[in-house]
Amino acid sequence: MIETILAKIPFYLTILSTACGAITAALIGGMAIWTFRDIRSRSRDVLAQLLATLLVLVLPIIGLIVYLMLRPRETLADAYERSLEQEALLQAIEEPEVCPGCGQRVKSDYLFCPTCHTRLKRACPACDRPLNLRWSLCPYCGAGVSPQVLETGARTIPYVREVQEVAGELEAGG
Ligand SMILES: [Zn+2]
Ligand SMILES: [Zn+2]
């Protein structure tokens, strides 16, 4: 009985070592594939991708730890998103909605500055949406409007007179 078991020990050992080898290979392969995917999402440099994967293949666990310490902190997707955010921020800084007359902040749909009464925009005669004074066409409804170029900072004609003028234009035009 015991002899039979003893005789089979080398066989069991072979199975055990084969299983251990397979598991280790699978783990190393998995780590290498994970590393390759991870570095690809963080760097477009082919050499860096190759080196990182090789590092993990040659020194499985230590290589992975070293890779995790040295890998770029940001993924390419994160970097892209951040650049978009920065661009949006820059645009907001470049084009602040301020009154050209007094520099006070105004909302984009204000027709007049509430502080200094400068005319900022005018309402579209057809759809009533706020239009830039230089536009000759309403971008919302396509109605043609005559552009009114005003010098920055100039006080404009009193509102009532302008309303009368616009009404007159409308009557003459339509
Ligand atoms: Zn103002
Ligand atoms: Zn319109």
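Look up: the structure comes first, before these words.
Parameters and conventions
Residues numbered from 1 in each chain as written. Chains lettered and ligands numbered in written order. Predicted model: local features only at pLDDT ≥ 70, side-chain atom pairs only at ≥ 80, totals over all residues. Axes fitted to C-alpha atoms, helices over the stretch in contact; angles between N-to-C directions. Helix = DSSP H or I, 4+ residues; strand = E, 2+ residues; numbered from the N terminus. Parallel < 35°, antiparallel > 145°, perpendicular 65-115°, else oblique. Left-handed = near helix turned anticlockwise from the far one by under 90°. Contact = placed C-beta atoms within 7 Å. Nonpolar A, V, L, I, M, F, W, Y, C, P; charged D, E, K, R; others polar. Buried ≥ 20, exposed ≤ 12 C-beta atoms within 10 Å, placed from the backbone.

### Points about the packing of helix H1 (residues 2-42) against helix H3 (residues 60-70)
Link 1 in the chain: Look at H1 against H3: their axes get within 10 Å of each other, and the N-to-C directions meet at 20°. Considering the angle they form, H1 stands roughly parallel to H3. The way H1 lies across H3 gives a crossing that is left-handed. Across the interface between the two elements, Ile28, Met31 and Thr35 from H1 touch Pro60, Leu64 and Tyr67 from H3.
Link 2 in the chain: Here the contact of H1 with H3 is composed, by residue class, of five nonpolar, one polar and no charged.

### Section: the environment of leucine 54
Link 1 in the chain: Tracing the sequence through the fold places leucine 54 in helix H2 (residues 46-58).
Link 2 in the chain: By C-beta crowding, leucine 54 is classed as partly exposed, having 14 other C-beta atoms within 10 Å.
Link 3 in the chain: When the C-alpha positions of leucine 54 and alanine 32 are compared, they lie 7.7 Å apart, and in sequence the two are 22 residues distant.

### Details of unusual backbone geometry
Link 1 in the chain: Unlike most non-glycine residues, histidine 117 shows phi in positive territory, near 65°.
Link 2 in the chain: Position of histidine 117 among the secondary structure elements: in the loop between helix H4 (76-94) and strand S1 (121-123).
Link 3 in the chain: For histidine 117, a count of 15 C-beta atoms within 10 Å translates into the label partly exposed.
Link 4 in the chain: For aspartate 128, which is not a glycine, the phi torsion comes out positive at approximately 70°.
Link 5 in the chain: Inspection of the secondary structure puts aspartate 128 in the loop between S1 and strand S2 (130-132).
Link 6 in the chain: Judged by the 11 C-beta atoms lying within 10 Å of it, aspartate 128 falls in the exposed class.

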